[in-house]
Amino acid sequence: MNLTIAGLRKLAAEQLLQYRRNRNHLSELRKNAAAARTPGNTRPEDSTAPRHSGDPPAISPQALRQMRAWVRAIDRVRHELRNTQPQLERFMSRCFGLDVPFPKRQSVRARLLRLSMDLYIAESTAYKWRETLLDLVLFAAIEAGALSPFGLMRDEV
């Protein structure tokens, strides 16, 4: 892991950009688990059951825990911002495509410029907000256990 601030912010930005996909994946897993528990389900839920070619690859339990922790961290930041700074939460949602996807070919600069015009803020403010949001997500990820920058787990402290 790259322990520079820039490296950690890049990791947070990647997780924010994957948030919608991860949230939807976790939602599907919950729905499938609920359907498997219903009475009358005749489909075997054995991990040794043959997989179909169209099925997504299985995710390791550790990767699933990481995914849940990152989604929890981002949800926590969104909830706090929604209650304290709704405009910043709206900026976060639109900047990283948390609810609605943005065009893949659009550069970060173009997206921030467009957001700054839509929200009537200066371009420099948009960059500062983006940096602040990345830091908040990093703090929440450390708190949620998704990230341990120094390799220490909560049990070791």
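In case you missed it, the structure is sitting above this.
Residues numbered from 1 in each chain as written. Predicted model: local features only at pLDDT ≥ 70, side-chain atom pairs only at ≥ 80, totals over all residues. Heavy atoms only, no water.

Trainee: I'd like to hear about the nonpolar core, residue by residue, with values.
Mentor: Grouped together as the largest cluster of nonpolar side chains are 35 residues, with contacts concentrated most on Leu16, Phe91, Met92, Phe96 and Val137. At the level of secondary structure, the elements contributing two or more residues to this core comprise α1 (5-37), α2 (61-84), α3 (86-96), α4 (108-118) and α5 (123-144). Per-element tally for this core: the top contributor is α2, with nine residues. (Core = buried A, V, L, I, M, F, W, Y, C linked by side-chain atoms within 4.5 Å. Buried < 20%, exposed > 50% of the residue type's maximum accessible area, 1.4 Å probe, protein only. Helix = DSSP H or I, 4+ residues; strand = E, 2+ residues; numbered from the N terminus.)

Trainee: Explain α3 residue by residue, including any values.
Mentor: Every buried residue belonging to α3 is among Leu88, Glu89, Phe91, Met92, Ser93, Cys95 and Phe96, and all of these are buried. In the stretch just after α3, Gly97 is the one whose phi turns positive, near 65 degrees.

Trainee: Residue-level account of the pattern of salt bridges, with values.
Mentor: Counted under the stated rule, the structure contains eleven salt bridges. A salt bridge links Arg23 to Asp99, with the shortest nitrogen-to-oxygen separation between them at 3.6 Å. With Arg23 in helix α1 and Asp99 in the loop between α3 and α4, the pair connects residues that are 76 residues apart, well separated along the chain. Exposure remark for Asp99: the relative accessible area of 38% places this residue in the partly exposed category. The closest approach of N and O atoms between Glu123 and Arg109, which form a salt bridge, is 3.6 Å. (Salt bridge = Lys/Arg side-chain N within 4 Å of Asp/Glu carboxyl O.)

Trainee: I'd love a proper account of the side chain of Arg111, names of residues and values included.
Mentor: Along the chain, the position of Arg111 falls in helix α4. Apart from residues no more than four positions distant in its own chain, Arg111 is found in contact with Arg94, Cys95, Phe102 and Gln106. (Contact = heavy atoms within 4.5 Å.)

Trainee: How would you explain the packing of α3 against α5 if you had to name every residue and give the values?
Mentor: Where α3 meets α5, the axes come as close as 10 Å, and the angle between the chain directions of the two elements is 90 degrees. It follows from the interaxial angle that α3 and α5 lie roughly perpendicular. Taking contact as the criterion, the partners of Gln87, Leu88, Phe91, Met92, Cys95 and Phe96 in α3 are, on α5, Ala126, Trp129, Arg130, Leu133, Leu134 and Val137. A class-by-class count of the residues in the contact of α3 with α5 yields ten nonpolar, one polar and one charged. (Axes fitted to C-alpha atoms, helices over the stretch in contact; angles between N-to-C directions. Parallel < 35°, antiparallel > 145°, perpendicular 65-115°, else oblique. Nonpolar A, V, L, I, M, F, W, Y, C, P; charged D, E, K, R; others polar.)

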